[in-house]
Amino acid sequence: MFLVLIVHADFFSLGRPSQEAMSGHPFSSMMRYVVESLALVCVNVYIIISGYFGIKLKTRSIFNFIFLVVFWRVLINLLFMAASWGGFMTVEISVKKFFLLCVPGYDDWFVSSYILLLFFAQFLNAYIEKSTARRLWVFVFAYEGFQILFSWVYPVYSVFTAGYSFLSLAGLYMLGAAIRKTGKDIVRRPLTLYFALSVAVGVVVYLCGRCDLLSPIFPRMLAWFEAYNGLTILLASTLLFLGFRRLSFSSRAVNYIAASSFAVYLMHMHPLMRCRYSYVCRYLFENFGTFQYIVLISLFIAAVFAVAVAVDLVRRALWDRISGSAFFGRLSDRCDALTRE
């Protein structure tokens, strides 16, 4: 989720580099395209990991996810209300708006799509278990090929909405499962290929915009570059996952932090928080030189990550108390029994 912070600090917050920026600050603009290309794999890799290990539909895991989302929604709502009452900012939150903001997935495409994936995972898993690796790869290539072609030819009417949909997440989930079924290495030096591909794509797209090349189709090319279901982003996501899949290391600290990684997304992309996150990113970009900006934005991203992980420790402690209670144990056992009947 660290890459998500980087993605949302770049084009999401600052917008694309303008022609004036590309002319006056060519190196800075090119680097922004390269960074965007390197970091856009964030969402895809997260779902590929889910597909690789498989989502097991259990009452405990569903309630854990819902509690995670609701905890951060309620906490940030209360913080903004307290700041408004204290005169630190003006934020109008009615009772209706407060409860709407507490609903998991409200004004958040990823959470709503991921919740759908949680429920449909059992059907996808049934297909995966009965399929060979070859059959899964045929499905993945056909599905992703149709998605890419349909999104490129008819972008306005595409139900895949540039990868911001449950349908795109389902395809990535199947991709992760196909990699698991294959077992052996698919390509050599995947991390090198990921880096080379992402840098090359970022540079090429920048040059096309800078030199006004391919001007009739450049807007569509740029939209494809920014889409989670674009061909190059799908390839880069797969290569990055394959690269880390080959690494073998174990760290209690890393695993402990990883358990709170999704909290980073929930904190800075809360409907009330994301515009503030973008504001800080724009302020740093517009008021400091290139070197100072790189240092300050790096510190800011690291601080947001650290705060989210630290605060999430409270949520994890509360969940341990709730999930460890006798009442919750009986409830979850009963619900799991119903799903097996």
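Definitions and limits used
- Residues numbered from 1 in each chain as written.
- Predicted model: local features only at pLDDT ≥ 70, side-chain atom pairs only at ≥ 80, totals over all residues.
- Heavy atoms only, no water.
- Helix = DSSP H or I, 4+ residues; strand = E, 2+ residues; numbered from the N terminus.
- Rg over C-alpha atoms; globule rule 2.2 N^0.38 Å.
- Contact = heavy atoms within 4.5 Å.
- Areas by Shrake-Rupley, 256 points an atom, 1.4 Å probe, with all protein chains shown as cover.
- Lys, Arg positive; Asp, Glu negative; His and termini not counted.
- Charge placed at Lys NZ, Arg CZ, Asp CG, Glu CD.
- Salt bridge = Lys/Arg side-chain N within 4 Å of Asp/Glu carboxyl O.
- Buried < 20%, exposed > 50% of the residue type's maximum accessible area, 1.4 Å probe, protein only.
- Expected span 1.5 Å × (residues − 1).
- Arc of directions from axis to C-beta.
- Phe/Tyr/Trp six-rings, centres within 6.5 Å; stacked < 30°, edge-to-face > 60°.
- Axes fitted to C-alpha atoms, helices over the stretch in contact; angles between N-to-C directions.
- Parallel < 35°, antiparallel > 145°, perpendicular 65-115°, else oblique.
- Left-handed = near helix turned anticlockwise from the far one by under 90°.
- Nonpolar A, V, L, I, M, F, W, Y, C, P; charged D, E, K, R; others polar.
- Polar contact = N/O pair within 3.5 Å; in protein donor to acceptor, adjacent residues only side chain to side chain.

**Q** Could you give me a rundown of the overall build of the chain, with the residues and numbers involved?
**A** Counting its regular elements, the chain contains 18 helices and zero strands. Relative to its length of 341 residues, the chain is compact, with a C-alpha radius of gyration of 21 Å against a globular reference of 20 Å. Contacts in the chain between residues at least 24 apart in sequence constitute 80% of all its contacts with a sequence separation of at least 6. Taken as a whole, the chain presents about 18400 Å² of accessible surface, with 68% of it coming from carbon and sulfur. Looking at charge distribution, the chain has the averaged site of its 30 positive side-chain charges lying 8 Å from that of its 17 negative ones.

**Q** Quick one: what's the story with the pattern of salt bridges, residue by residue and with numbers?
**A** One pass over the structure, following the stated rule, counts four salt bridges. Across the pair Arg 32 and Asp 10 runs a salt bridge, and its minimum N-O distance is 2.9 Å. Pair noted here: Arg 32 is in helix α4 (residues 26-39) and Asp 10 is in the loop between α1 (2-9) and α2 (11-14), with a separation of 22 residues, a long-range link. Taken as a pair, Arg 32 and Asp 10 share a single burial class, namely buried. Across the salt bridge formed by Arg 315 and Asp 312, the nearest N and O atoms sit 2.8 Å from each other. Of this pair, Arg 315 and Asp 312 both sit in helix α17 (residues 290-323), three residues apart, which is roughly one turn of that helix.

**Q** I'd like a description of helix α16 (residues 274-287), backed by residues and values.
**A** Helix length check: α16, at 14 residues, gives a terminal C-alpha distance of 20 Å against a target of 20 Å (1.5 Å per residue), a fit within 8%. Every buried residue of α16 is listed here: Arg 274, Tyr 277, Ser 278, Cys 281 and Leu 284. Looking straight down α16, one finds that the buried residues subtend no more than 130 degrees of arc, so they occupy a single side. Opposite the buried face of α16, at more than 90 degrees from it, the exposed residues are Tyr 279 and Glu 286.

**Q** Can you tell me about the packing of aromatic side chains, naming the residues and giving the values?
**A** Scanning all chains against the criterion turns up 33 aromatic pairs. One aromatic cluster is present, formed by Tyr 46, Phe 65, Trp 109, Phe 110, Tyr 114, Tyr 164, Tyr 228, Phe 262 and Tyr 265 through successive ring pairs.

**Q** Describe in detail the packing of helix α5 (residues 42-53) against helix α10 (residues 166-182), supporting the description with residues and values.
**A** Two elements in contact, α5 and α10, have axes separated by 7 Å at closest approach and are oriented at 50 degrees. Taken together, the axes of α5 and α10 are oblique relative to one another. Viewed along their axes, α5 and α10 form a crossing whose handedness is right-handed. Contact residues: Val 43, Asn 44, Ile 47, Ile 48, Ser 50, Gly 51, Tyr 52 and Phe 53 in α5; Leu 169, Leu 172, Tyr 173, Leu 175, Gly 176, Ala 177, Ile 179 and Arg 180 in α10. Of the residues belonging to the contact of α5 with α10, the class tally is eleven nonpolar, four polar and one charged.

**Q** An account of the side chain of Gln 147 is requested, with residue identities and associated values reported.
**A** Within the element layout of this structure, Gln 147 appears in helix α9 (residues 133-153). A relative accessible area of 1% places Gln 147 in the buried class. Separated by 2.5 Å, the side chains of Gln 147 and Ser 168 make a polar contact. A distance of 3.2 Å separates polar atoms of two side chains, one belonging to Gln 147 and the other to Asn 229. Those residues in contact with Gln 147, other than ones at most four positions away along the chain, are Phe 160, Ser 168 and Asn 229.

**Q** Help me get a handle on the environment of Gln 122, residues and values and all.
**A** Relative to the assigned elements, Gln 122 resides in helix α8 (residues 109-130). Along the primary structure Gln 122 and Leu 57 are separated by 65 residues, whereas in three dimensions their C-alpha atoms are 6.5 Å apart.

**Q** Got a sec to walk through unusual backbone geometry? Specific residues and values, please.
**A** In this structure, Thr 161 is a non-glycine residue whose phi angle is positive, near 45 degrees. Relative to the helices and strands, Thr 161 is located in the loop between α9 and α10.

**Q** Could you give me a rundown of the environment of Leu 5, with the residues and numbers involved?
**A** By secondary structure assignment, the location of Leu 5 is in helix α1. Sequence-wise, Leu 5 and Ala 302 are 297 residues apart; in three dimensions their C-alpha atoms are separated by 9.0 Å. Residues contacting Leu 5, with those up to four places away along its chain left out, are Val 264, His 268, Tyr 277, Ile 301, Val 304 and Phe 305.

Coordinates in, geometry out; function isn't part of it.
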